[in-house]
Amino acid sequence: YVNALNSKTSEAYQTNSKWHARNWVFIVCMAPLTGFVAAQQFGLSAQDDVIQGEDLWLHDIDFMQQNKVFTENETPVLFYSDDWLSNRADGNGFTPETVFSYWVENDELQVASSPLSAVEDIQVDYANASEEAGVTEVTIHVEDGDEFVLYATTTDEKDKVFVKRLMQQWQSQRQGNTAL
């Protein structure tokens, strides 16, 4: 409507139709942010979110399998990494048969995993709603006395989904063990 009022030869139309320095500054400032958000949305970088195992890139699953996080015939059901750039720095999750956590400490990959059938107890410490960086801690107690901790973000209450599905897988494995 405004363009119809002003002819294409008007001074206002001509001035506002040109690229200015402010346009280029805006593009330069916003391009990295837009690229980062797009990379997260398309799974090209870690997402700091609980995600379906099928949404992980094959190279991330291969990395976990090669480092014996879980066996080669398994894939994660749910997965969480709080790293913003790579799922190789740390990760937590479970497959239908295995629960796992891994992290890098002193430039060395540390892996804690257990078959779900060998898990004796699972304790959940839900993050308080008042905590800014809400992360729920899930402690896995293994029959041999070992324990390790999984983490899940509270964003959109995905920690509750993570815990519920983990408990279902654990109960399913326990029932399978008692039936033998």
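This one's a predicted model, so the numbers in the text were calculated from it and none came from an experiment. (Residues numbered from 1 in each chain as written. Predicted model: local features only at pLDDT ≥ 70, side-chain atom pairs only at ≥ 80, totals over all residues. Heavy atoms only, no water.)

Visitor: Could you give an account of the side chain of Asn-87, naming the residues involved and the relevant values?
Guide: Inspection of the secondary structure puts Asn-87 in the loop between strand E2 (78–80) and strand E3 (90–94). Looking at Asn-87, its side chain comes within polar contact range of the side chain of Asp-60, at 3.2 Å. (Helix = DSSP H or I, 4+ residues; strand = E, 2+ residues; numbered from the N terminus. Polar contact = N/O pair within 3.5 Å; in protein donor to acceptor, adjacent residues only side chain to side chain.)

Visitor: Which residues make up the sheet that holds strand E5 (residues 108–115), and what values go with them?
Guide: Read across the open sheet, the five strands follow the order E1-E2-E3-E4-E5; overall the sheet is antiparallel. Here the strands that pair on one side only, and so sit at the sheet edges, are strand E1 (51–52) and E5. (Pairing = 2+ DSSP bridges.)

Visitor: Requested: an account of the sheet that holds strand E6 (residues 119–125), with residues and values cited.
Guide: Sheets are built from strands paired through backbone hydrogen bonds, the pairs being either parallel or antiparallel. Across the sheet, which stays open at both edges, the three strands sit in the order E6-E7-E8 with antiparallel pairing between neighbours. This sheet does not close on itself; its edge strands, each paired only once, are E6 and strand E8 (147–153). With strand direction ignored, the average angle separating the axes of adjacent strands in the sheet is 20 degrees. In this sheet, E8 lies alongside strand E7 (residues 135–142) in antiparallel orientation, the contact comprising seven bridges. Each bridged residue has a counterpart across the sheet, and for Glu-137 the counterpart in E8 is Tyr-151. (Axes fitted to C-alpha atoms, helices over the stretch in contact; angles between N-to-C directions.)

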